[in-house]
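# Summary of structural features
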Amino acid sequence: GTYVFRMGPSGNYVVQIPRPISELNVFEFGVNLFDQLKAMALLIGGSHPLANVDGSSDIIRIENKVNLFNLVNQVINRESLNQNMLLVQCRAFGNRPDRAPTDLDKIISLKQGTMTPSGFDPLMVHLVDILKKDQSTVGFADGSPGVVGYEVGGITQSLYLDQSTNKEFVVVWVSSTSRTYYEQQTENRIQDQQFDALNIGTNHADLFQTITDSKPCASGAQIPPAMIRVLGDYMETGDIVCLSKLLDQFTNHNFERLIDISSKQSFMLVRSDDGCLLAVANLLPLNSST
């Protein structure tokens, strides 16, 4: 696995990603959460749970408790002594055709069981706020039909809390819809084909450096409100017709897709005829309203 420790000031959080290979885009979600929480540590499992036919590669199972992932988890708990800490494990919704559906984007389950928001400590309050930032619907594993089976249960990493003080363990379950927004856009074949069909160029580069090196625009220069609406429609729907409208209606502007080499997210760059950079739009934002 991979174990990352933040040097210097950090939040009292530990983010865990035990199944980054088998649960699509949970890795990207967990890394993003690690960054937003300024967590002190990030634990990433290195094996597929089905890699070994005897199940010994599944680091969540209690039968496989002797593994580095679990050891790192225990040492962080032990060495933090009485310090308040929230351990956050990131998981994907399971395939449950025989269970009641849920319309939640994220489900939080606590080791200590159900709890009302009024009883949350500041660490938990901050986590919930972060999870709701992208307008997700967030609920709790409270025993209702749609969330049955998402309890912490006997997850190996949660069991060491019995030997710890001032610690809480939670699992954040993420729906497939929410995880779509974290996928690397280098793998977005549909978007590739749309931009190729309309002859809009794609560049792989560092977004920050590209913005820094771009020609500045004259004071007061801005993109037309109608263009903002069309861009917003594409960001929300992914419809190629919206892209075509940009080219047809705004012929005095130049458009380019940039895939950031760091985040692997895709952006639309809008330039004026003279080459100044007017706007940068994330083509698959977590919250299209902003």
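Located above this text is the structure these notes cover.
In this report, the structure presented in the accompanying data block is examined. (Residues numbered from 1 in each chain as written. Predicted model: local features only at pLDDT ≥ 70, side-chain atom pairs only at ≥ 80, totals over all residues. Heavy atoms only, no water.)

### Some details on helix α3 (residues 122-132)
Given 3.6 residues to a turn, an α-helix orients residues that are three or four positions apart in the same direction. Listed in full, the buried residues belonging to α3 are L123, M124, L127, V128, I130 and L131. Summarising the axial view, the buried residues of α3 lie within an arc of 160°, below the 170-degree limit, and thus occupy one face. Tucked into the core, α3 has its buried residues touching β2 (11-17), α1 (26-37), β4 (85-92), β5 (106-110), β6 (138-140) and β7 (167-174). (Buried < 20%, exposed > 50% of the residue type's maximum accessible area, 1.4 Å probe, protein only. Helix = DSSP H or I, 4+ residues; strand = E, 2+ residues; numbered from the N terminus. Arc of directions from axis to C-beta. Contact = heavy atoms within 4.5 Å.)

### Thoughts on the sheet that holds strand β11 (residues 277-282)
Pairing is mixed across the open sheet formed by 4 strands, whose spatial order is β8-β9-β10-β11. Of all strands in the sheet, those with a lone pairing partner are β8 (202-205) and β11, marking the two edges. Direction aside, the axes of adjacent strands within the sheet are offset by 30° on average. As judged from the 5 bridges shared by strand β10 (residues 266-272) and β11, these two strands associate in the antiparallel manner. (Pairing = 2+ DSSP bridges. Axes fitted to C-alpha atoms, helices over the stretch in contact; angles between N-to-C directions.)

### With respect to the nonpolar core
Ranked by internal contacts, the top residues of the largest apolar core, which has 29 residues, are L33, M124 and L127. Of all the elements in the fold, those that place two or more residues in this core are β2, α1, β3 (39-44), β4, β5, α3 and β7. Here this core gets 6 residues from one element, more than from any other, and that element is α3. When near neighbours in sequence (up to four residues on either side) are disregarded, L33 contacts V88, C90, L127, I130 and L131. Listed in part, the 23 residues of the second largest apolar core include L104, F169, V171 and W173. (Core = buried A, V, L, I, M, F, W, Y, C linked by side-chain atoms within 4.5 Å.)

### Overview of the packing of aromatic side chains
Using the criterion set out here, one finds 5 aromatic pairs in the structure. On the basis of an interplanar angle of 65° and a centroid distance of 5.0 Å, the ring pair of Y150 and W173 is categorised as edge-to-face. Of this pair, Y150 sits in the loop between β6 and β7 while W173 sits in strand β7, and the two are 23 residues apart along the sequence. Given the relative accessible area of 4%, Y150 is considered buried. Here W173 falls in the buried class, since its relative accessible area comes to 8%. Members of the aromatic cluster, each reached through a chain of ring pairs, are F93, Y150 and W173. The ring of F195 carries the charged tip of R257 above its face, separated from the ring centre by 5.1 Å. (Phe/Tyr/Trp six-rings, centres within 6.5 Å; stacked < 30°, edge-to-face > 60°. Lys NZ or Arg CZ within 6 Å of the ring centre and 35° of its normal.)

### A word on the side chain of Q191
Its place among the elements puts Q191 in helix α5 (residues 189-197). With a relative accessible area of 4%, Q191 lands in the buried category.

### What about the state of the cysteines?
Across all of its chains, the model carries 1 disulfide by this definition. A sulfur-sulfur separation of 2.1 Å characterises the disulfide bridge that pairs C217 with C276. Taking the torsion about the sulfur-sulfur bond, which here is approximately 95°, the covalent link between C217 and C276 counts as right-handed. Pair noted here: C217 is in the loop between α6 (207-213) and α7 (225-237) and C276 is in the loop between β10 and β11, with a separation of 59 residues, a long-range link. You can call C217 partly exposed: its relative accessible area is 27%. Overall, the relative accessible area of 4% leaves C276 in the buried class. (Disulfide = S-S within 2.5 Å.)

### Quick word on the environment of G11
Mapped onto the elements of the fold, G11 is located in strand β2. Residue classification places G11 among the buried positions, given a relative accessible area of 16%. Between the alpha carbons of G11 and L123 there is a distance of 8.5 Å; along the sequence they are 112 residues apart.

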